[in-house]
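Architecture and fold: a report
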Amino acid sequence: MTQNRVRAAVFSAGSWGTAVGKIMADAGTSVVMHARRSEIADAITTTRRNPGYFPDIELPHNLTATTDPAAALDGADFLVLSIPAQSLRASLAAWAPHIGTDTVIVSLMKGIEVGSGLRASQVITEVTGIGAERVAVLSGPNLAREIMNGQPAAATIACPDQDATHRVQQACHTSYFRPYTSTDVTGCELGGAVKNVIALAVGIASGMGMGHNAQAMLITRGLAETTRLAVAMGAHPATLAGLAGLGDLVATCSSPLSRNRTFGTHLGQGLSIEQATTATKQTTEGVKSAEAILALAHAHRVEMPITEVISDLLHEKVTLDQAAAALMQRPPKPER
Ligand SMILES: NC(=O)c1ccc[n+]([C@@H]2O[C@H](COP(=O)([O-])OP(=O)(O)OC[C@H]3O[C@@H](n4cnc5c(N)ncnc54)[C@H](O)[C@@H]3O)[C@@H](O)[C@H]2O)c1
Ligand SMILES: O=P(O)(O)OC[C@H](O)CO
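Residues numbered from 1 in each chain as written. Chains lettered and ligands numbered in written order. Predicted model: local features only at pLDDT ≥ 70, side-chain atom pairs only at ≥ 80, totals over all residues. Heavy atoms only, no water.

Moving on to the overall build of the protein chain. Of regular secondary structure, the protein chain possesses 16 helices and eight strands. Taken over C-alpha atoms, the radius of gyration comes to 19 Å for the protein chain, in line with the 20 Å a tight globule of 336 residues would show. For the protein chain, the spread of C-alpha atoms along the three principal axes comes to 60 × 40 × 35 Å. Considering the protein chain as a whole, with its 336 residues, one finds that 54% of them fall into the buried category. (Helix = DSSP H or I, 4+ residues; strand = E, 2+ residues; numbered from the N terminus. Rg over C-alpha atoms; globule rule 2.2 N^0.38 Å. Buried < 20%, exposed > 50% of the residue type's maximum accessible area, 1.4 Å probe, protein only.)

As structure tokens, then:
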């Protein structure tokens, strides 16, 4: 690994933040993680391990951590944001005064803000006043644990400014992580957010004892409704057939490592939403975002039957059996 003199501040030191911090450090970028808890920050800097998430994985020597947002952001070329989408607005408002005038913000978040219906990149531009050309998103089939284990993965980095996209690409390209570039921010963010809701549905089906036919049906029809919404909101359909769409959907819906799929499995097995939340522990974006995505679907007059049923289930308006019947008993129609 060669040092490239580029600096990245990664907020925060959760599962995906830690994995992307490691990727960037392995790519030669100097990384400072921001952790809320001093015991996590101290452990990362002194033991080169994150005891809260990956106690078994040694972190690179060019990655340190702090609880001080100003220190983390001092001289940073990139601010990488990886916190729950619903807490982005409040947290970023506190960090914004420390962001440099040339810093490019990279969003890793896969959620839609409840109430506003905004994607994370839109919340970022609204809160910071920074132009969209300095806000990139990174999304793809990226289960953090596999990447921490050094297994190969790829992602899409999207930003309207191609120079910014290429700089982010260089700062996170390693032997095990292959980033592609795109200008379709909307498509990447919607692909990442909606796949979480579809993964909840697949998990529920699996928990209820349904087989691979049912799961494949949900994945395929899930992609159809994701693409309908994304295209109605200005995305390119090819993005939804790429890493940030189909790729992420397949990984998340298939893997027991996915928190969204696992949460759904718990519900399908009869756990309450409260019990599933306790059992899942880490951020499960689909649970909150389902409602916001459904509101977008209504606003854009797009049919999203799976999202609608999952939103109804999460609001306890229907039972599991009623949800399954609601999908299977829809009027027959052509596939497209
Ligand atoms: N874990 C993955 O494999 C993965 C992969 C790709 C994308 N993502 C996305 O990355 C985002 C973060 O997920 P994660 O897996 O790192 O979650 P996580 O639960 O592992 O970590 C969340 C981090 O955010 C911090 N945090 C929680 N609430 C906060 C608040 N109110 N203000 C500031 N910080 C807060 C926590 O301290 C923690 O460091 C999500 O949008 C998720 O969809 C996750
Ligand atoms: O664990 P999940 O369900 O949040 O999914 C993680 C990543 O988004 C997979 O790409």
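So, about the state of the cysteines. Under the counting rule described, the total for this entry stands at zero disulfides. For Cys 159, which is in no disulfide, the shortest distance to another cysteine sulfur is to Cys 188 and amounts to 11 Å. Cys 188 provides the cysteine sulfur closest to Cys 172, a residue in no disulfide bond, and the two sulfurs are 13 Å apart. Judged by relative accessible area, Cys 172 falls into the buried class, the value being 1%. (Disulfide = S-S within 2.5 Å.)

Across the sheet, eight strands lie side by side as S3-S2-S1-S4-S5-S6-S7-S8; this open sheet has mixed pairing. Looking at strand neighbours, the two that pair on one side only are strand S3 (63-66) and strand S8 (177-182), the edges of this open sheet. Neighbouring strand axes in the sheet, compared pairwise and without regard to direction, differ in orientation by 25° on average. Of the pairings in the sheet, the one linking strand S5 (residues 104-107) to strand S6 (residues 135-139) comprises three bridges and is parallel in character. Residue pairing for S6: Ser 107 is matched across the bridge by Val 137. Most of the contacts of helix H7 (residues 162-171) go to S8, to which it runs at about 175°, and overall it touches strand S4 (78-81), S5, S6, strand S7 (153-158) and S8. (Pairing = 2+ DSSP bridges. Axes fitted to C-alpha atoms, helices over the stretch in contact; angles between N-to-C directions. Contact = heavy atoms within 4.5 Å.)

Attention now moves to the UniProt feature "domain: Glycerol-3-phosphate dehydrogenase NAD-dependent C-terminal" (unreviewed entry) in the protein chain. On the UniProt side, "domain: Glycerol-3-phosphate dehydrogenase NAD-dependent C-terminal" (unreviewed entry) is annotated at positions that read residues 184-323 here. Taken end to end, residues 184-323 is 76% helix and 0% strand, and its first and last C-alpha atoms sit 33 Å apart. (UniProt positions renumbered as here; feature names shortened; annotations may be inferred.)

This part takes up the site of ligand 1. Residues in close proximity to ligand 1 total 23 residues, the closest being Ser 15, Ser 91, Ala 144, Thr 283 and Glu 285. Ser 15 places a main-chain nitrogen or oxygen 2.9 Å from an oxygen atom of ligand 1. Within the backbone of Trp 16, one N or O atom sits 2.9 Å away from an oxygen atom of ligand 1. Summarising the interface, the protein chains cover 86% of the accessible area of ligand 1, which totals 830 Å² for the free molecule. Mapping ligand 1 onto the cavity grids shows that it belongs to the largest pocket. (Near = heavy atom within 4 Å. Polar contact = N/O pair within 3.5 Å; in protein donor to acceptor, adjacent residues only side chain to side chain. Areas by Shrake-Rupley, 256 points an atom, 1.4 Å probe, with all protein chains shown as cover. 1 Å grid on protein atoms, 1.4 Å probe; cavity = no way out; pocket = protein on both sides within 12 Å on 5 of 7 lines; lining within 4 Å. Sits in = over half its atoms within 2 Å of the grid points.)

With that out of the way, let us pick up the site of ligand 2. Around ligand 2 sit Lys 110, Gly 140, Pro 141, Asn 142, Leu 143, Lys 195, Asp 248, Thr 252, Leu 257, Ser 258, Arg 259 and Asn 260, and those are all the residues in its vicinity. Between ligand 2 and the protein, one listed contact pairs an oxygen atom with a backbone N or O atom of Gly 140 at 3.1 Å. Across the complex, the protein chains shield 92% of the 310 Å² of accessible surface that ligand 2 would expose by itself. Elements with a minimum of two residues in the shell around ligand 2: helix H11 (243-254) and helix H12 (259-268). Of the residues that constitute the shell around ligand 2, the class distribution is three nonpolar, five polar and four charged. Shared between two domains, the shell around ligand 2 takes at least three residues from each, and those domains are domain 1 (7-183) and domain 2 (189-328). (Nonpolar A, V, L, I, M, F, W, Y, C, P; charged D, E, K, R; others polar. Domains from an automatic or database assignment.)

Counting residues in each nonpolar core, the largest one holds 40 residues, and the members touching the most others are Trp 16, Met 24, Val 31, Phe 78, Val 80, Leu 138 and Phe 177. The leading source of residues in this core is helix H1 (residues 15-26), at six residues. Within the second largest apolar cluster, 37 residues are counted, among which are Ile 112, Ile 198, Ile 219 and Ile 293. (Core = buried A, V, L, I, M, F, W, Y, C linked by side-chain atoms within 4.5 Å.)

In the UniProt entry, the feature "domain: Glycerol-3-phosphate dehydrogenase NAD-dependent N-terminal" (unreviewed entry) is given for residues 9-164. When the span residues 9-164 is considered, its composition is 33% helix and 20% strand, and the gap between its end C-alpha atoms is 16 Å.

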